[in-house]
Amino acid sequence: TQLLEQSPQFLSIQEGENLTVYCNSSSVFSSLQWYRQEPGEGPVLLVTVVTGGEVKKLKRLTFQFGDARKDSSLHITAAQPGDTGLYLCAAYNQGGKLIFGQGTELSVKP
Amino acid sequence: DTAVSQTPKYLVTQMGNDKSIKCEQNLGHDTMYWYKQDSKKFLKIMFSYNNKELIINETVPNRFSPKSPDKAHLNLHINSLELGDSAVYFCASSQEDRANYGYTFGSGTRLTVV
């Protein structure tokens, strides 16, 4: 079974702090996606990483795909209350289904 | 607005009832999905339809029956509702040949069975 394990599960920080969320697997994926879900809404795609070692930036968010394409990280610089939400990594398994990690709930306090 | 829209947003019903959730997408995508998000926020795929044909049918109880009248609609009918069916159900769509564009999700239906 291909699983995506995220850590930490919960993260509560003060505005201005930096943080990193991890997504790990024992399987190799052709690509990996990160989504953010706000309360009462569905997940929204933030980025797709495809190449091993790839780094993508989205304003204060930096996404990295591991060299072996088994893991990924999301780093947020100078977090703001608007970054609060559930962050989900996702990847296509061998059956072609998009599977999700269990999520990281981030709370950024002013 | 281009989007995935699902109704209702909230659904409270008694055990044993039958209910339906509707989903429509106007993105022109060829594949639609139903996901279930449990109380721990874990998202698990239930069904996938491509151009009105069932592609993925995960091990969900046969009380759950998806119906796709056309490629823009995918409804979910649930018979004999049980307490354990309480969750948030998300509809999503994607374009099969654009996997890296990800899925577009609706805003969810919070089902509470009492």
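Overview of the structure.

### Comments concerning the overall build of chain B
Link 1 in the chain: When helices and strands are counted, chain B shows zero helices and eleven strands.
Link 2 in the chain: Order of helices (α) and strands (β) in chain B, N terminus to C terminus: β-β-β-β-β-β-β-β-β-β-β.
Link 3 in the chain: At 13 Å, chain B has a C-alpha radius of gyration in line with the 13 Å of a compact globule built from 114 residues.
Link 4 in the chain: Seen through its principal axes, chain B has C-alpha atoms that stretch 40 × 25 × 25 Å.
Link 5 in the chain: Approximately 5,900 Å² of chain B is accessible, and the part contributed by carbon and sulfur atoms is 48%.

### Some thoughts on the sheet that holds strand β8 (residues 71-76) of chain A
Residues and elements named next belong to chain A.
Link 1 in the chain: Judged by pairing direction, the sheet is antiparallel, and its five strands sit side by side in the order β1-β3-β8-β7-β6 without closing on themselves. For this open sheet the edge positions go to β1 (5-7) and β6 (55-58), each flanked by a neighbour on one side alone. The sheet shows a mean angle of 15° between the axes of neighbouring strands, taken without regard to direction.
Link 2 in the chain: Summarising the sheet, strand β3 (residues 19-24) and β8 pair through six bridges and their orientation is antiparallel. Looking across to β8, one finds that Asn24 is bridged to Asp71.

### Description of the interface of chain B and chain A
Link 1 in the chain: Listed per partner, the contact involves 19 residues of chain B and 20 residues of chain A.
Link 2 in the chain: Ranking the residues of chain B by area buried against chain A places B:Lys41, B:Asn100 and B:Tyr103 at the top, with a combined share of 32%.
Link 3 in the chain: Here chain B is connected to chain A by one salt bridge.
Link 4 in the chain: Put simply, A:Glu105 and B:Lys41 hold a salt bridge, and the shortest N to O gap is 3.4 Å.
Link 5 in the chain: Residue assignment for the side of chain B that touches chain A shows that the elements contributing at least two residues are β4 (31-37) and β5 (43-50) of chain B.
Link 6 in the chain: Classifying every residue of the side of chain B that touches chain A by side-chain character gives ten nonpolar, five polar and four charged.

### Topic: the pattern of salt bridges
Residues and elements named next belong to chain A.
Link 1 in the chain: Under the definition given, this model contains six salt bridges over all chains.
Link 2 in the chain: Salt-bridge contacts for Lys56 lead to Glu54; the nearest nitrogen and oxygen are separated by 3.8 Å.
Link 3 in the chain: On the basis of relative accessibility, which here comes to 31%, the residue Lys56 falls in the partly exposed class.

### Side note on the pairing of β5(B)
All names here are of chain B.
Link 1 in the chain: Summarising burial for β5: seven of the eight residues are buried, a large majority.
Link 2 in the chain: Both β4 and β5 contribute to a ladder of seven bridges, which runs antiparallel. Bridging across to β5, Thr31 finds its partner in Asn50.
Link 3 in the chain: Taking the residues that link successive antiparallel strands as the turn, the β4-β5 hairpin has five residues, and the phi of Lys41 there is positive, at about 75°.
Link 4 in the chain: Pairing of β5 with strand β6 (residues 53-57) involves four bridges; the strand directions are antiparallel. By the bridge assignment for β6, Tyr49 is matched with Leu54.

### Quick notes on the sheet that holds strand β8 (residues 73-78) of chain B
Residues and elements named next belong to chain B.
Link 1 in the chain: Read from one edge to the other, the open sheet built from four strands follows the order β1-β3-β8-β7, with strand pairing classed as antiparallel. Each end of this open sheet is capped by a strand with a single partner; those strands are β1 (4-7) and β7 (64-70). Taking the axes of each pair of neighbouring strands and ignoring which way they run, one obtains an average angle of 20° across the sheet.
Link 2 in the chain: When strand β3 (residues 19-25) meets β8, the two strands line up antiparallel, connected through four bridges. Looking across to β8, one finds that Ile21 is bridged to Leu76.

### Description of the state of the cysteines
Residues and elements named next belong to chain A.
Link 1 in the chain: Per the counting criterion, the structure on display carries two disulfides over all chains.
Link 2 in the chain: Disulfide pairing places Cys23 opposite Cys89 at an S-S distance of 2.0 Å. Looking down the S-S bond of the Cys23 and Cys89 bridge, the torsion is 75°, so its handedness is right-handed. Of the two residues, Cys23 is situated in strand β3 and Cys89 in strand β9 (residues 85-92); the sequence distance between them amounts to 66 residues.

Conventions adopted
Residues numbered from 1 in each chain as written. Chains lettered and ligands numbered in written order. Predicted model: local features only at pLDDT ≥ 70, side-chain atom pairs only at ≥ 80, totals over all residues. Heavy atoms only, no water. Helix = DSSP H or I, 4+ residues; strand = E, 2+ residues; numbered from the N terminus. Rg over C-alpha atoms; globule rule 2.2 N^0.38 Å. Areas by Shrake-Rupley, 256 points an atom, 1.4 Å probe, with all protein chains shown as cover. Pairing = 2+ DSSP bridges. Axes fitted to C-alpha atoms, helices over the stretch in contact; angles between N-to-C directions. Contact = heavy atoms within 4.5 Å. Buried area = accessible area lost by both parts, 1.4 Å probe. Salt bridge = Lys/Arg side-chain N within 4 Å of Asp/Glu carboxyl O. Nonpolar A, V, L, I, M, F, W, Y, C, P; charged D, E, K, R; others polar. Buried < 20%, exposed > 50% of the residue type's maximum accessible area, 1.4 Å probe, protein only. Disulfide = S-S within 2.5 Å.

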